[in-house]
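A closer look at the structure
Each chain is listed here by its residues.
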Amino acid sequence: MSGGRMNRDDVQAVLGTRSFRDFLEHVVILDPPPGAGAIPFQPWPHLLQVCDVLAGVRLLVLLKPRQVGMSWLMAAYALWTAMYHPGARVLLLSLGDRESKELLRKVAFIYQHLPVRLREPLKGEGSTEEMLFPGVDSQILALPSTPNAGVGFADGLSALNAHDFDVGGAGLRELLHLHLAQDGPLHEVRVEDQAVSG
């Protein structure tokens, strides 16, 4: 902001901190191989529908095929939540250690490609397990989906990249119980290799 007047970039930055959809206008993702490298986030209609639902529900389970942009959307939502909601605790769970680190890598990629004016200062950049935003006392933690993953961390937002969870399994039921009992939102992205019939 120069001389007390906001220019177009300043206005877009403020809007991006208030609205996840506006934030997505600044998000850059990595096109999957053999892709084009770093590209602007593609606001496909199915992703915008999810955006409209995310903030208004405590439990969201999405069945989706692969390569439809949902992991990037959830990575962007995790980052937006952590940076612009003081005290946010975001837990990213995935199949194993490698997969959970890959999900956090997507969050870090988005962060690194944001305009500087939108970035909340990050402590310990380069970590493969967590991102800390001390200025707003927020954290993103990536863990493999083990029986005790996230114990003591259940009061924040959790995004599960949950192709490995058995819907009726005890681990998922326990995690759901923890989150819903403590009023923490839980957003699960379940990968389905075959089309879901309606």
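Described in the following lines is the structure provided in the data block.

Here is what the cut-offs are and how they apply
- Residues numbered from 1 in each chain as written.
- Predicted model: local features only at pLDDT ≥ 70, side-chain atom pairs only at ≥ 80, totals over all residues.
- Heavy atoms only, no water.
- Salt bridge = Lys/Arg side-chain N within 4 Å of Asp/Glu carboxyl O.
- Helix = DSSP H or I, 4+ residues; strand = E, 2+ residues; numbered from the N terminus.
- Buried < 20%, exposed > 50% of the residue type's maximum accessible area, 1.4 Å probe, protein only.
- Pairing = 2+ DSSP bridges.
- Core = buried A, V, L, I, M, F, W, Y, C linked by side-chain atoms within 4.5 Å.
- Arc of directions from axis to C-beta.
- Phe/Tyr/Trp six-rings, centres within 6.5 Å; stacked < 30°, edge-to-face > 60°.
- Lys NZ or Arg CZ within 6 Å of the ring centre and 35° of its normal.

**Describing the pattern of salt bridges**
- Per the stated rule, a full pass over the model turns up four salt bridges.
- Across the salt bridge formed by K101 and D97, the nearest N and O atoms sit 3.0 Å from each other. Residue K101 and its partner D97 are both found in helix α5 (residues 97-113); the two are separated by four residues, about one turn of the helix.
- Judged by its relative accessible area of 27%, K101 is partly exposed.
- For R105, the salt bridge identified is with E102, shortest N-O distance 2.7 Å.

**Remarks on the pairing of strand β5 (residues 130-133)**
- Alternating residues of β5 divide into M131 and F133, all buried, and E130 and L132, none buried.
- Taken together, the four bridges between β5 and strand β6 (residues 138-144) define a ladder with antiparallel strand orientation. Among the inter-strand pairings, E130 is bridged to a residue of β6, identified as L141.
- Here β5 folds back onto β6 in antiparallel fashion, the turn holding four residues, of which D137 has a positive phi close to 55°.

**Digging into the pairing of strand β4 (residues 89-94)**
- Among the six residues that make up β4, five are buried, leaving the element largely enclosed by the rest of the structure.
- Here six bridges tie β4 to β6, and the two strands are oriented parallel to one another. Following the sheet pairing, S94 is matched in β6 by P144.

**A few points about the nonpolar core**
- Core analysis: the largest hydrophobic core is formed by 43 residues, its most contacted members being F20, F23, L79, M131, F133 and I140.
- Only α2 (20-24), β1 (28-30), α3 (45-54), α4 (70-84), β4, α5, β5 and β6 provide two or more residues apiece to this core.
- If you tally residues by element for this core, the top one is α4, at 13 residues.

**What to know about α3**
- Those residues of α3 that sit buried are L47, V50, C51 and L54. Along the axis of α3, the buried residues cluster in a sector spanning 105°; they form a single face. Turned more than 90 degrees off the buried face of α3, the exposed positions are P45, Q49 and D52.

**Observations regarding the packing of aromatic side chains**
- Applying the stated rule across the entire model yields seven aromatic pairs.
- For the pair F20 and F23, a centre-to-centre distance of 6.4 Å together with 25° between the ring planes defines the contact as stacked. Taken together, the positions of F20 and F23, both in helix α2 and three residues apart, correspond to about one turn of that helix.
- In this structure F20 comes out as buried when scored by relative accessible area, which is 6%.
- Judged by relative accessible area, which is 0%, F23 ranks as buried.
- Judged by centre distance (5.8 Å) and plane angle (25°), the ring pair of Y77 and W80 falls under stacked. Taken as a pair, Y77 and W80 lie in helix α4 at a separation of three residues, close to a single helical turn. Here Y77 matches W80 in class, with each residue buried.
- One aromatic cluster in this structure is built from F20, F23, Y77, W80 and Y84.
- The residue whose ring lies beneath R119 is Y111, and the NZ or CZ to ring-centre distance is 5.6 Å.

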